[in-house]
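Structural features, examined
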Amino acid sequence: MSEKQKAIDALTLVLESSKAALAFLADPTQSADPSLDASPLSVIHKDFLSLLSLIYASTTKLSLVLKPSSPSYTAALGPLRELSERVASLPHCVRLLQTDHGKSLAAEAYTIARDVLVALQSLVQALIVIGSENSASSGDVGEYLVKTGTVHDIIEDARGSSGFSGNNLVAVRKIWKHNQDSLQDSLEEVREAMEKAEDLEGGSEGEEFDDGWGELGMPSSVKPSAAELETIKKIYTIARLSTLLHQRIWKDALSTLTPSLPLSKETNTILDNLADASSDLVSSSDNFISTIYPPQVVEDISIELQGFRRQLTVLQSKIEPLIPERSIEEQLSNLQLSNTAKSSDHYTKLRKWYIACINQINKNIQELEYELKGQEQPPLV
């Protein structure tokens, strides 16, 4: 067997290894070696990043020795053997993270591992084509360089200062910050729609309301009626208060927590529930806000409003452990606040503001519900 054929066979083995690793990652019934389940997070975290670094190095060597203009098939066998071994080890690290170290952190590791494996698989496929008997156009050559860069970029991002999170708390903060940005973008969308509608309020009959669909070659909706404008304003108020609530929880509660490692399983569950509730609120908010454009459908607004209210209630229940009536140390034994945040005055003020904000959001939701039903105001309690 020629050295070239040996290299192609080794490339095929790496390709199959990456496919098997992806299948292992995607199969929830697979589990890590029980004898290693108790590995400290610091060890697993270091091993995961080390594997990524080794894959980066092996990919670099492989790309250099299989340069199409002067390939060295014998020299490629070593890096290919290394890649097969490291690819097989990568999903095992993810499984260890899934055992005890938090769902949010494990999901982050899963995404990184999946992206690396998919990018590596694409690179190896390109190299097999280039090494085949009928290789290879200049386009194939350029493609392999781009695919090498893709593998490198994913790994460099994971190893960077804002890359793979050090623990589940950091991973949840990252999710929360991303969701905060999404809520802020949606709020801006409603604000712009409200201002455009107000500008058009005194315009000529039939004047079009720019809802953005025109940019996609679809006709814009008609100008909102006075009642529709009031609905937009009410939705804006609900979105503004909800975004403020989410931001305040981040600023005054979640971001002040510092972990005393290792985080307990109970603490990780609380953090993961927070992240899920935040993400669900964003999804529900997007659906709710999508109903603002005229001609508005009252039934659709009502359905999405109820969905939003349910998600707000869920978020409220998941936030409670962060701002309890008692000291947070009594609620989360493995989380500590900074000295400033520990004061009872801090808790009292934050909880008072939090309750007031929730009540105000619910008040606006109730008012909108009655307006949609054609009633002037909810009954006084």
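Residues numbered from 1 in each chain as written. Predicted model: local features only at pLDDT ≥ 70, side-chain atom pairs only at ≥ 80, totals over all residues. Heavy atoms only, no water.

As recorded in an unreviewed UniProt entry, the protein goes by Cyclin-D1-binding protein 1-like N-terminal domain-containing protein and comes from Leucocoprinus leucothites.

**Considering the confidence of the model for the protein**
Residues with a pLDDT of 70 or more make up 80% of the protein, whose mean pLDDT is 84. With pLDDT under 50 throughout, residues 327–342 is counted as low confidence; its partners more than four residues away or in other chains account for 42 contacts. (pLDDT = per-residue confidence, 0-100. Contact = heavy atoms within 4.5 Å.)

**Concerning the layout of surface pockets**
As a volume, the largest pocket reaches approximately 150 Å³. Considering the residues around the largest pocket, the lining is formed by 10 residues, among which Ala227, Thr231, Val298, Glu371 and Leu372 are closest to the centre. Elements supplying a minimum of two residues to the lining of the largest pocket: helix H7 (226–252), helix H9 (298–319) and helix H11 (344–372). (1 Å grid on protein atoms, 1.4 Å probe; cavity = no way out; pocket = protein on both sides within 12 Å on 5 of 7 lines; lining within 4 Å. Points joined across faces, edges and corners; volume = space filled by probe spheres on them. Helix = DSSP H or I, 4+ residues; strand = E, 2+ residues; numbered from the N terminus.)

**Structural notes on the nonpolar core**
Counting residues in hydrophobic clusters, the biggest one holds 47 residues, and the most contacted among them are Leu11, Phe48, Leu52, Leu62, Leu90 and Leu97. Mapped onto this core, the elements with two or more residues apiece are helix H1 (3–26), helix H2 (41–65), helix H3 (73–100), helix H4 (103–131) and helix H5 (138–159). For this core, the leading source of residues is H4, giving 15 residues. Residues contacting Leu52, with those up to four places away along its chain left out, are Leu90, Ile112, Val116, Ile155 and Ala158. Formed by 46 residues, the second largest nonpolar core is a distinct cluster that contains Ala197, Leu274, Leu281 and Ile292. (Core = buried A, V, L, I, M, F, W, Y, C linked by side-chain atoms within 4.5 Å. Buried < 20%, exposed > 50% of the residue type's maximum accessible area, 1.4 Å probe, protein only.)

**Topic: unusual backbone geometry**
Keep in mind that most residues, glycine aside, have a negative phi and that most peptide bonds are trans. With an omega of 0°, the peptide bond between Pro294 and Pro295 qualifies as cis. Take Pro295: it is sitting in the loop between helix H8 (265–289) and H9.

**Side note on the packing of H7 against H9**
Viewed as axis vectors pointing N to C, H7 and H9 meet at an angle of 15°, and their least axial separation amounts to 13 Å. By the angle between their directions, the pair H7 and H9 is classed as roughly parallel. In this structure, the crossing between H7 and H9 has a hand that is left-handed. Each of Thr231, Ile238, Ser242, Leu245 and Ile249 in H7 lies in contact with H9, whose residues at this interface are Ile301, Leu305, Phe308, Leu312 and Ile319. (Axes fitted to C-alpha atoms, helices over the stretch in contact; angles between N-to-C directions. Parallel < 35°, antiparallel > 145°, perpendicular 65-115°, else oblique. Left-handed = near helix turned anticlockwise from the far one by under 90°.)

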